[in-house]
Every structure is written in C-alpha cells, then in structure tokens.
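The lines below spell out each chain.
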Amino acid sequence: MIELINISKSYPTSELYSELNLRLNSGDKVGLVGRNGTGKSTLFKLILGEEHADSGDINFPKGYKIGALKQYFNFSEKTLLDETALALSEDDKYNIYKAEKILFGLGFTQEDLDKDPKSFSGGYQIRINLAKLLLTEPNMLLLDEPTNYLDILSIRWLKAFLKSFQGEVILITHDRDFMDSVCTHTLGIIRKSAFMIQGGTRKFYEQLASNEEHYEKQKIAQEKKIKELEEFIAKNKARAATATLAQSKVKILEKMDIMDDLEYDSNLNFDFNYKDTAAKFLLEVKDLSFGYTPENILFKDITFALSKGETLGIIGKNGKGKSTLLNVIAGELKQLSGSVDYHPSCVFGHFGQTNISHLNQNNTIMDEIYSVNNKLSEPVIRSICGLMMFSKDNAKKKISLLSGGEKSRVMLGKIIAQDVNLLFLDEPTNHLDIDSIEALTNAIKAFEGSCIIVTHSEELLRAVCDRLIVFTNDGADYFNGTYDEFLEKIGWDDDSVTEKKPVAKPKVNKKESKRLRAAIVAQKSKETAPLKKEIAELEALIPTLNPTEKFQKESQLLDLQLKLEEMNAEFEKRMKEV
C-alpha cells in the first residue's frame, strides 16, 4: 500500500497540487490521466523522492521497492545480455535465463544477446531499460509513456506482462486502449487535486462529467439562494420591525461556503482544411524500393494507389522501415527504384519526427504558422494557435521553450494553416494526451481527403484505416483490408503476409448453428478449465513466495495467461464461423 496525504506542490509560475490525497491498495493498477502540464510526471518524481512536496506526507510499507522506467541511456557492458544482467540481484546473478526471458519477450532475438547495447536504435534501447527495470522485481512500477518507441508486438507483450504483474502499477500513457486493458483504476489530476475511480478512462470521464454537472447545478441553486438573501436584507435591514430578522440572514450569508467557478481545461478541437480535387486517385506508387545501401534493402516493389477519402496505415516492427517508406513517398528520401506519382491537384501536409526537428527554434509559434501560409492575417493565425491550445500570449512563445507535446501541436497547426487533400502522419499520437488524441482521431475521420499514417496505436488503426502496408522480417507487403481483418486473416503470431484463403463452409440452418455453438462452448469449457485452475492456483501461491520463487512463478503465470488468451481467441473464431 502507498499513501499520499495532503500533498501540495508549486513552482514559481504555477501551482500543481493543493492538498492532493491518494491511497493505493495491494494489486491496484492505476492509469494516471490529466492534461499535459498538470503534473503527472512530477507526481512520479515525488513518489521516487527525486523532488519534494511543499507540504504533506508520502508513506510506504517497510522494504517497499519502487521501480521506474528510465528514459536516458547509460550502458557500460559490451553485450546486451551482460548489460541487462546487471539488474539481477546478488542472490540471482547466476540466473541469466531470467534476463533472456524478458529480453525475448521485448522482441530481442538470440543473436541480439551478444550485440553491443549501444548499437541498438533508440526504441530498442528503451526496451533494454525496461528489461533491467523488470529484473529488479519491484513491488510497484511507475511507467511514464512506456509504449513510446515500442512497436505493436512489444506493446502486446508488455500489456500481457503488466496484466499478470502481482504488484502495484501507476501508468502514464497516451494509449487509451493500452491503459484500459491493463489498469484496474483510473486516477485523474483535476483542478490541482486527485480524483480516482475503479474502472477505465471512459467510465472516469463519464463520472467526472456527471460530478461537474451536479456541482454546476448546486452552484446555480446557491447563487439563487444568495440573491434571495441579499434582496431580503436590502429590503428589511432599515425597518425596525424586521432588522433583527435581516441581521440573522446576514449571518447565514457570512457563514455560507461560496462555491467557486469550475476551471475547465482547454480542449484541442479542430479540422484539417480540405483542398477540393476531382481526382479519383491522389497518389500512385509503383514498384517502389529503398535501401541505404544496395545490400540493405528495407522494402521493394511496393505498389498501391490511394483513392480520395481513403486512409492507409503502415504497421510493423520497429526498425523495419515504416517511417522511411513514408519519407520516400513524401519526397524527403530518394527511392532506389520505382515511382511515386501525385495527381496535379494533390497538396499534402506532412507530420513527422523529421519535421518537428525542422522547426525554427528562434521562431515564435505564430511565426511558424505564418511560415507555411503568409496570406493569413494575424487574427486567423491566432485562431489556429487557439485551436492548438496556445491562447493569448502563449502564441508568442519561442519554439525552443516548448515541450515535445507542444511542438507536436505546432506541427498540426502548420498543417491546419494550409489547404490540403493528402495527409502524411508519422506517429502523430506521440506526446499528445488522451483528449488530444481523440480530437486528432475525429479530425482524421472527418477529413475528406486521403491519409497515410504510421502508428503503433491499435485504437487509431481500428478507427481510421481502410487498408494497410505491413512490414515483416521479409520486407513490406500491401494488405487490402482493415486492421481487424488483418488480425483475423493473418495476425501477428505468423510473420508471413500471405493472405490466408478462407475455407469454403457448407451452409447450416439456425438450429444446426445453435447446436454447433453449444458444442463449441462445451469444448471450450472442458479444454480451458484445467488451465484456469492452474492460473488460479498460481495467483493464490505467488504472494506467499520469496522473490526468486515469485519471479519464476510470475513468468510461468504469464505464459499460461497468454496460452489461455490464444485458446479463447481460437474458440471465438470458431464461433464466428458457425
């Protein structure tokens, strides 16, 4: 259990918390939400002792161990395995298999174990830090945006791991689907205080809206009451017969706890400006190939045509070439062979990490918006800044002073300032909070033009993508279908991108279908019952074990839970077929 009591924290420019209270019980997994700048990461620093509260107390059980994911890299060993094994305790230093198991779960291969940890990309170096954290066997995990730079496969593994983790978790993530699938509770930093409920983010925001509506009604009733009292006092205080009664009303008014106006966070709410086009296909890509050297080909012979109103998703493991493909299509890199042909009326806006690095650090936000469309008047530029949550003097902030999330919003603002009919979006959800991601998703869905998007967010893929390009170990292939259709027909377990042809099935009537479904349910119950029993026994046993035994059983539990998920998925597939 961890308890925060009356925590207050402020900086010279702002107050983050005022008497914030929080209590976590054993096994609680908490998703921490709140707008950027409300103090989510600072709360982690207070719990870790890296910063100190102005007032209040933080209490832990004796011997309680907290682990946090490091976002910086400081590797000293020559091989990945040796570097990761540094995190093993003295009693465990010879149990190298534990380090291997976690590394394999995070997407590393047997061949990777002997590589220099500094040779891996930034995304994989984040995974090395995550592996070292998990090996310390903490009671609580503090995870600040752990899915950043992870691909879909690694995110799925991490999701399963956290669901089976026996300790406590506080999780900050922009990935709403990830948070809701892992967490038992949702905690929000709202108006400098903490508000927590059991359940996911949607339930949290529904409850928050209900609470705010109730508060506003109470405030209206109080204002009406105050007005009545003031009118009574004004009419009766000068008359001798009613002066005493008027004075009693004054005392009631003085004792009244006046309800303050609620302060609401500004919301990102926008649409991309569409440039009309009569083109049926805005973009045609034929036999496109690229590699940084002829021996290192990332993809070859990519062919597709993007029709107006269509969104294409580019997915796959990190380091395979997803962003590179987008940059080749956008003309930022030169292909080895093949062609990229735009319709003459096509105008595109490009959001990507390379673009963010191109922001002029000496410019203000308004300067950057103006740089892409010098025909815009100052009121229009200020309006765009306001849509991106840079109101009043904030619009004159220099780019060099902005956070990663704020720079992402500037890039979106630059696209909004133009009339476009094609969007290139490379990991657009990174650095955005949950509310901003929802606004972005709605803007993409409402956009009349076309879009190509690189993302590891399964929620965004499901919401906007009509077709896919899938990167695998063997390159990249076009998939004519949605993300859910990809999971159903191919999935991530099989690295092949050859579409599985559905087997023709004889038609069955409703009565026969009902009988077949009942048989499947019975078979599912029979085959999964022993597995469920074993899982339940392990869950009951693990809290009683010492750290070494506990880790071994947790790994076994994770394997069993993944196996049960696979079995359930197979039975669900069979149910759909009948």
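Residues numbered from 1 in each chain as written. Predicted model: local features only at pLDDT ≥ 70, side-chain atom pairs only at ≥ 80, totals over all residues. Heavy atoms only, no water.

As recorded in an unreviewed UniProt entry, the chain goes by ABC transporter ATP-binding protein and comes from Malaciobacter mytili LMG 24559.

1. A short note on the pairing of strand β18 (residues 475-479)
Here strand β17 (residues 467-472) pairs with β18 via 5 bridges, running antiparallel. Bridging across to β18, Phe471 finds its partner in Ala476. Counted between consecutive antiparallel strands, the loop separating β17 from β18 contains 2 residues. (Pairing = 2+ DSSP bridges. Helix = DSSP H or I, 4+ residues; strand = E, 2+ residues; numbered from the N terminus.)

2. Looking at the environment of Thr201
Within the element layout of this structure, Thr201 appears in helix α7 (residues 201-236). For the pair formed by Thr201 and Asp177, sequence separation is 24 residues and the distance between their alpha carbons is 9.2 Å. Residues within four places of Thr201 in sequence aside, it is in contact with Val33, Arg176, Met179, Asp180, Thr186 and Ile434. At 2.8 Å, the side chain of Thr201 and the side chain of Arg176 are in polar contact. (Contact = heavy atoms within 4.5 Å. Polar contact = N/O pair within 3.5 Å; in protein donor to acceptor, adjacent residues only side chain to side chain.)

3. Section: the packing of aromatic side chains
This structure, assessed with the given rule, holds 16 aromatic pairs. Between Phe108 and Tyr124, the ring centres sit 5.4 Å apart and the planes meet at 70 degrees, which makes this aromatic pair edge-to-face. One end of the pair, Phe108, is in the loop between α3 (96-105) and α4 (122-135); the other, Tyr124, is in helix α4, and 16 residues separate them in sequence. Of the two residues, Phe108 and Tyr124, both sit in the buried class. Seen from their ring centres, Phe290 and Tyr292 are 4.9 Å apart, and the 85 degrees between their planes marks the pair as edge-to-face. Looking at Tyr292, the relative accessible area reads 54%, which means it is exposed. The ring of Phe232 is capped by Lys249, whose NZ or CZ atom sits 5.5 Å from the centre of that ring. (Phe/Tyr/Trp six-rings, centres within 6.5 Å; stacked < 30°, edge-to-face > 60°. Buried < 20%, exposed > 50% of the residue type's maximum accessible area, 1.4 Å probe, protein only. Lys NZ or Arg CZ within 6 Å of the ring centre and 35° of its normal.)

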